[in-house]
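If you want the building blocks of each chain, they are given just below.
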Amino acid sequence: MHEPQPRPTQLPLNELAIAYMRAGETLFLAIHDDIAARVRLAHPEAQHLEVSLNAEGDVQLHGIWSAQESAIGTCRLLYDPHDDAEESWRDGPLDIHEILSELNRVLAGSFLYRWGLVEPHPSYEYRDRRWITFPPADRAATVAALVRRHVPTAKSLICRFEADHGGIAVGFEQVTLSGGKAVDIPCPRCSPDAEDSPWPHEVSHELAIVLAQLYALPHLRSRHLTPCVDVTSEHEGQLWQLVFPYRAPSSTKTARP
């Protein structure tokens, strides 16, 4: 017979704290995703919100911005809020009051700050404002593009996740390649002097943020991450595999001059 699972109130306090933090991460990330989806209905290129808190602690929207267009480029202002009620038709499908209500909710906690999704405004003159970043529209495709930039024949990524009260840590194990081969990814804790990582450290950091969000959101975890058998790693815990989307076939047409 299987032993009955303990009720939440029977769990040790540290496990309850972890469960609470994970529930908060899931809820606030899901709300943040929903805000991003609604804003992008009106402004498909939206990547950042510029906001501030007034004297009452309520969120005020100052602008919707695109992503930075290049390493030395700047973001484009897509929407500049207005105070004239007669101009509300310009919002299109965007309900500003509803968006602000949800922003009040997610900015009240620390979860989005922990993910690096809420930061100080990039311009010092607006240091009293906050800069909210939207997630990629397709996280799995974003991970695939980042990995294939360094390993062009990559087919999937195998990694592990460790969740505690400090957040979700991501450990990279292998990149599988077309044809059945695999490339091991050295663990920075086990092999700190290893120099054969398939990508730079900053890419690992960027990948870890997106992968941790995939793991934190149950509907994305079940869609994109598959548990797999660990037969070689010395680490404890479950391994997960993210199979990359197929590449779009390249066009063979010759561009006209």
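Everything below is about the structure shown above.
Every value quoted in this text rests on a predicted model; they were computed, and no experiment measured them.

Asks: Even after reading the chapter, I still don't get the overall build of the protein, so can you show me in this structure?
Replies: Summing up its helical and strand segments, the protein has 6 helices and 10 strands in all. Taken over 257 residues, the protein has a buried fraction of 37%. Within the protein, residue pairs in contact and separated by at least 24 positions form 56% of the contacts whose partners lie at least 6 positions apart. As presented, the protein carries roughly 16,400 Å² of accessible surface, and 53% of it is formed by carbon and sulfur atoms.

Asks: When you look at the nonpolar core in this model, what are you seeing that I'm missing?
Replies: It is characteristic of soluble globular proteins that their nonpolar side chains tend to be buried jointly. Counting residues in hydrophobic clusters, the biggest one holds 59 residues, and the most contacted among them are Leu49, Leu103, Val147, Leu157 and Leu211. Val147 has contacts with Ala154, Leu157, Val175, Trp199, Leu207 and Phe244, leaving out every residue within four places of it along the chain.

Asks: For this particular structure, what's the right way to read helix α4 (residues 139–148)?
Replies: Counting buried residues in α4 gives 7 out of 10 residues, a clear majority hidden from the surface. Looking at where α4 begins, the residue whose side-chain oxygen comes 3.2 Å from the main-chain nitrogen of Ala140 is Asp138.

Asks: Explanation requested: the packing of α4 against helix α5 (residues 201–216) in the structure shown.
Replies: Running from amino to carboxyl end, α4 crosses α5 at an angle of 155°, the nearest separation of the two axes being 10 Å. Comparing their axes, α5 and α4 come out roughly antiparallel. Our pair here, α4 against α5, has a crossing hand that is left-handed. Contacts from Arg139, Ala140, Val143, Leu146 and Val147 of α4 reach α5 at Glu206, Leu207, Val210, Leu211, Gln213 and Leu214.

Asks: Can you help me understand the packing of aromatic side chains in this one?
Replies: Two numbers describe a pair of aromatic rings. These are the distance of the centres and the angle of the planes. Taken as a whole and assessed by the stated rule, the structure comprises 5 aromatic pairs. Measuring from ring centre to ring centre gives 4.4 Å for Phe161 and Tyr215, while their planes differ by 10°; the resulting arrangement is stacked. Residue Phe161 is located in strand β6 (residues 154–164), and its partner Tyr215 is located in helix α5; the two are separated by 54 residues in the primary sequence. When its relative accessible area of 10% is taken as the criterion, Tyr215 is described as buried.

Asks: What am I meant to see in the sheet that holds strand β3 (residues 77–79) here?
Replies: The strands that make up a sheet pair up through hydrogen bonds in the backbone, lying either parallel or antiparallel. A sheet is described by the order of its strands in space; here 5 strands give the open sequence β3-β2-β1-β5-β4, paired in antiparallel fashion. Unpaired on one side and paired on the other, β3 and β4 (118–120) mark the two borders of the sheet. With strand direction ignored, the average angle separating the axes of adjacent strands in the sheet is 35°. One ladder, built from 3 bridges, connects β4 with strand β5 (residues 130–133); its direction is antiparallel. Each bridged residue has a counterpart across the sheet, and for Glu119 the counterpart in β5 is Trp131. Running over the sheet, helix α2 (residues 96–106) touches β1 (46–53), β2 (59–66), β3 and β5 and is turned about 105° from β2.

Asks: Help me understand the side chain of Arg40 in this model?
Replies: Here Arg40 is to be found in helix α1 (residues 13–42). Buried within the structure, Arg40 lacks any salt-bridge partner; its nearest side chain of opposite charge belongs to Asp33, at an N-O separation of 7.5 Å. Setting aside chain neighbours within four positions, we find Arg40 in contact with Ala46, Gln47, Phe134, Pro135, Pro136 and Ala137.

Asks: Would you explain the pattern of salt bridges in this entry?
Replies: Side chains that carry opposite charge are capable of pairing whenever their charged atoms lie near each other. Applying the stated criterion across every chain yields a total of 7 salt bridges. Across the pair Arg139 and Asp33 runs a salt bridge whose closest N-O atoms are separated by 2.9 Å. Here Arg139, found in helix α4, pairs with Asp33, found in helix α1; they are 106 residues apart in sequence, far enough to count as distant. Note that Glu50 is salt-bridged to Arg129, the shortest N-O span being 2.7 Å. Of the two residues, Glu50 is situated in strand β1 and Arg129 in the loop between β4 and β5; the sequence distance between them amounts to 79 residues. Of the two residues examined, Glu50 and Arg129, each falls in the buried class. In this structure, a network of salt bridges that share partners links the residues Asp34, Arg38 and Glu98.

Asks: I would appreciate a short explanation of the pairing of strand β7 (residues 167–177) in the present structure.
Replies: Each regular strand carries side chains that alternate between the two faces of the sheet. Among the 11 residues of β7, 8 are classified as buried, and the element is accordingly described as predominantly covered. Across 3 bridges, β7 lies against strand β8 (residues 182–184) in antiparallel orientation. The residue of β8 that forms the bridge with Thr176 is Ala182.

Conventions used here
- Residues numbered from 1 in each chain as written.
- Predicted model: local features only at pLDDT ≥ 70, side-chain atom pairs only at ≥ 80, totals over all residues.
- Heavy atoms only, no water.
- Helix = DSSP H or I, 4+ residues; strand = E, 2+ residues; numbered from the N terminus.
- Buried < 20%, exposed > 50% of the residue type's maximum accessible area, 1.4 Å probe, protein only.
- Contact = heavy atoms within 4.5 Å.
- Areas by Shrake-Rupley, 256 points an atom, 1.4 Å probe, with all protein chains shown as cover.
- Core = buried A, V, L, I, M, F, W, Y, C linked by side-chain atoms within 4.5 Å.
- Polar contact = N/O pair within 3.5 Å; in protein donor to acceptor, adjacent residues only side chain to side chain.
- Axes fitted to C-alpha atoms, helices over the stretch in contact; angles between N-to-C directions.
- Parallel < 35°, antiparallel > 145°, perpendicular 65-115°, else oblique.
- Left-handed = near helix turned anticlockwise from the far one by under 90°.
- Phe/Tyr/Trp six-rings, centres within 6.5 Å; stacked < 30°, edge-to-face > 60°.
- Pairing = 2+ DSSP bridges.
- Lys, Arg positive; Asp, Glu negative; His and termini not counted.
- Salt bridge = Lys/Arg side-chain N within 4 Å of Asp/Glu carboxyl O.

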